[in-house]
Amino acid sequence: MSDQTVRTRLLFFGRLAEQVGREREVDIPAEGCTIGALRSKLADDPELEMLAPGRGMLASIDQQVVQDEAHVRSGQEIAFFSPLSGG
Amino acid sequence: MAVESRLTQDSIVAEAELGRFMTGLGDAGAVVSFCGVARSSTREGEKVESLQLDHYPGMTERSLEQIARDGSERFGVSDVLVIHRCGTIQPGEVIVFVATASPHRRAAFEAADYLMDRLKTEAVFWKKEQGVDAARWIEPTDEDRADLDRWR
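First, a word on what this report is: a plain description of the structure on this page. All values reported here derive from a predicted model rather than from experimental measurement.

Some points on the overall build of chain B
Item 1. Tallying secondary structure elements over chain B gives 4 helices and 8 strands in all.
Item 2. Its helices and strands in sequence order give chain B the pattern β-α-β-β-α-β-β-β-α-β-β-α, from N to C terminus.
Item 3. Relative to its length of 152 residues, chain B is compact, with a C-alpha radius of gyration of 16 Å against a globular reference of 15 Å.
Item 4. Projected onto its principal axes, the C-alpha positions of chain B cover 50 × 35 × 30 Å.
Item 5. The burial tally for chain B puts 48% of its 152 residues in the buried class.
Item 6. Long-range pairs, those at least 24 residues apart, make up 76% of the contacts in chain B with a sequence separation of at least 6.
Item 7. Here chain B has roughly 7,700 Å² of accessible surface; of this, 47% comes from carbon and sulfur atoms.
Item 8. One finds the centroid of the 19 positive side-chain charges in chain B at a distance of 2 Å from the centroid of its 27 negative side-chain charges.

A look at the pattern of salt bridges
All names here are of chain B.
Item 1. Tallying each qualifying case throughout the model produces 23 salt bridges over all chains.
Item 2. When the shortest N-O distance is used, the salt bridge between Glu 17 and Arg 6 registers 3.0 Å. Pair noted here: Glu 17 is in helix α1 (residues 14-23) and Arg 6 is in strand β1 (residues 2-8), with a separation of 11 residues, a long-range link.
Item 3. Glu 17 sits in the buried class, given a relative accessible area of 12%.
Item 4. For Arg 6, a relative accessible area of 28% translates into the label partly exposed.

Considerations on the pairing of strand β4 (residues 58-61) of chain A
Along a regular strand, successive side chains alternate from one face of the sheet to the other.
Residue and element names in this part refer to chain A.
Item 1. The pairing of β4 with strand β7 (residues 78-81) spans 4 bridges and is classified as antiparallel. The residue of β7 that forms the bridge with Leu 58 is Phe 81.
Item 2. With 3 bridges joining them, β4 and strand β5 (residues 64-66) adopt antiparallel strand pairing. When the bridges of β5 are listed, Ala 59 appears paired with Val 66.
Item 3. With antiparallel pairing between neighbouring strands as the criterion, β4 and β5 make up a hairpin whose turn holds 2 residues, including Asp 62 at a positive phi of roughly 45 degrees.

Some remarks on the interface of chain A and chain B
Where interface size is given, it is often the accessible area lost as the parts come together that is meant.
Item 1. Each partner contributes residues to the interface: chain A has 19 residues there, and chain B has 26 residues.
Item 2. Between chain A and chain B, a total of about 1,800 Å² is buried, with carbon and sulfur atoms accounting for 51% of that surface.
Item 3. Three residues stand out in chain A for area buried against chain B, namely Gln63(A), Leu84(A) and Gly87(A), and they jointly supply 38% of the buried area on that side.
Item 4. Linking chain A to chain B there are 3 salt bridges.
Item 5. Between Glu18(A) and Lys128(B) there is a salt bridge; the shortest N-O distance is 2.4 Å.

Notes on the nonpolar core
Item 1. If you look at the biggest cluster of nonpolar residues, it comprises 29 residues, and the most contacted ones within it are Leu64(B), Val82(B), Val98(B), Leu119(B) and Phe125(B).
Item 2. If we ignore the near neighbours within four places in the chain, the residues touching Phe125(B) are Leu84(A), Ser85(A), Gly86(A), Leu7(B), Leu53(B), Asp54(B), His55(B), Thr60(B), Leu64(B), His84(B), Arg85(B) and Cys86(B).
Item 3. If you look at the next biggest cluster of nonpolar residues, it comprises 21 residues, including Phe12(A), Cys33(A), Leu38(A) and Met50(A).

Some remarks on the side chain of Ser102(B)
Item 1. You can see Ser102(B) is positioned in strand β6 (residues 94-102).
Item 2. Ignoring sequence-local partners within four residues, the contact set of Ser102(B) consists of Ala28(B), Gly29(B), Ala30(B), Val77(B), Ser78(B), Ala107(B) and Ala108(B).

A short note on the side chain of His55(B)
Item 1. In this fold, His55(B) is placed in strand β3 (residues 48-55).
Item 2. Not counting the four nearest positions on each side in its chain, His55(B) is found in contact with Phe13(A), Leu7(B), Thr60(B), Cys86(B), Val124(B), Phe125(B) and Trp126(B).

Rules used throughout
- Residues numbered from 1 in each chain as written.
- Chains lettered and ligands numbered in written order.
- Predicted model: local features only at pLDDT ≥ 70, side-chain atom pairs only at ≥ 80, totals over all residues.
- Heavy atoms only, no water.
- Helix = DSSP H or I, 4+ residues; strand = E, 2+ residues; numbered from the N terminus.
- Rg over C-alpha atoms; globule rule 2.2 N^0.38 Å.
- Buried < 20%, exposed > 50% of the residue type's maximum accessible area, 1.4 Å probe, protein only.
- Contact = heavy atoms within 4.5 Å.
- Areas by Shrake-Rupley, 256 points an atom, 1.4 Å probe, with all protein chains shown as cover.
- Lys, Arg positive; Asp, Glu negative; His and termini not counted.
- Charge placed at Lys NZ, Arg CZ, Asp CG, Glu CD.
- Salt bridge = Lys/Arg side-chain N within 4 Å of Asp/Glu carboxyl O.
- Pairing = 2+ DSSP bridges.
- Buried area = accessible area lost by both parts, 1.4 Å probe.
- Core = buried A, V, L, I, M, F, W, Y, C linked by side-chain atoms within 4.5 Å.

Keep in mind these numbers describe shape, not what the thing actually does.
Next comes the structure, spelled out in structure tokens:
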């Protein structure tokens, strides 16, 4: 990862939003990173540790659910949320 | 073929929606409708004061559109209508309304069943039961996932 970072806004929904608020800003590398790397970075904050990989929280980029291998760049819309429950 | 989906904060009046749906039909021989209604008690028997449905503007509407379109294409039904609430819902109110129409009944029944199984686990909502003392987030159960697996 380079030293250059870009401030990026994250959105939260469902149980996660209730616990940590609706949105938060984070610095990501200027060249982007994977969702998995972003999760690990966020999970260093004890308040966001439930975002660590494998903890069941889902991620989306530009409103499409993605896996941890997905690559994200600044300017894209990134969201994290608990499992869906409609109907 | 008409496929319509709608997200609303307002009450769903099922009989009015069904009436409107049937008015627009061509030569359908079968119409099936389903209402999901907010229960007044939890699975454990505790009173529910209200239900909160969180959603992701844009992504939620598209998930409803996609599910409605998939149901229509998979079963070859002539018409599909899906309406889903968001926001605060009182016990007894309709959360979700689904209607399907087809030349013969089997496709209409199966499409409605399929739509509900998809909506339960794949529509972009987060549901919370507000009880008297505490609130609880609802997440899909093993039963919901098994229901969805029937269509794979």
